[in-house]
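Residue-level listing of the chains:
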Amino acid sequence: LRVARGTHFILNIRDFHVDKEYFPSPSDVSPDRYKDPSQNRLFTPFGRGPKSCVGQHFAMLEMKAILCEVLQRLEFRTKQDLA
C-alpha cells in the first residue's frame, strides 16, 4: 500500500477495541482480554507516538489521586483481625 505524501487519514481507535478478529466478544467487559501480550498493542485509549493525547499524563495523575483518596477512606484488616 502506497500513500501519497500529504495524504490525511484518521485511525478510529475505538474500532481497534471492538474488532471481532481480535476480541470474540467485543461488547463484553473483560480485562482478561489483554492478558495475551500481543493484544496489548491494540489497547490505546490515549493514542500512541508523538501525536498521543496531551491530557494522558494529567488523566493518569488524576486517577492515582482518586485512588489514593478512596484507599484512605477504607479500613484494612488481616485475616487474624477478622477471626
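These numbers were taken from a predicted model, which means no experiment stands behind them. (Residues numbered from 1 in each chain as written. Predicted model: local features only at pLDDT ≥ 70, side-chain atom pairs only at ≥ 80, totals over all residues. Heavy atoms only, no water.)

Q: Give me the overall build of the protein chain: which residues, what numbers.
A: Looking only at helices and strands, the protein chain features three helices and zero strands. The linear arrangement of helices and strands in the protein chain, starting from the amino end, is α-α-α. Relative to a compact globule of 83 residues, whose C-alpha radius of gyration would be 12 Å, the protein chain shows 20 Å and is clearly more extended. The C-alpha extent of the protein chain, read off along each of the three principal axes, is 70 × 30 × 20 Å. By the burial criterion, 11% of the 83 residues in the protein chain qualify as buried. For the protein chain, the proportion of contacts with a sequence separation of at least 24, taken over those separated by at least 6, is 22%. (Helix = DSSP H or I, 4+ residues; strand = E, 2+ residues; numbered from the N terminus. Rg over C-alpha atoms; globule rule 2.2 N^0.38 Å. Buried < 20%, exposed > 50% of the residue type's maximum accessible area, 1.4 Å probe, protein only. Contact = heavy atoms within 4.5 Å.)

Q: Can you explain a nonpolar patch on the surface? Please cite residues and give values.
A: A cluster of nonpolar side chains, namely Ile-66, Leu-67, Val-70, Leu-71, Leu-74 and Phe-76, defines an oily patch on the protein surface of about 590 Å² accessible area. Here Val-70 is to be found in helix 2 (residues 56-72). (Patch = residues over 30% accessible without salt bridge, like charges linked within 9 Å, V, L, I, M, F, W, Y side chains within 5 Å. Areas by Shrake-Rupley, 256 points an atom, 1.4 Å probe, with all protein chains shown as cover. Salt bridge = Lys/Arg side-chain N within 4 Å of Asp/Glu carboxyl O.)

Q: Which residues make up the environment of Ser-27, and what values do they have?
A: Here Ser-27 lies in the loop between helix 1 (13-17) and helix 2. A C-alpha to C-alpha distance of 12 Å links Ser-27 and Arg-14, two positions 13 residues apart in sequence.

All quantities given are derived from atomic positions and should not be read as evidence of function.
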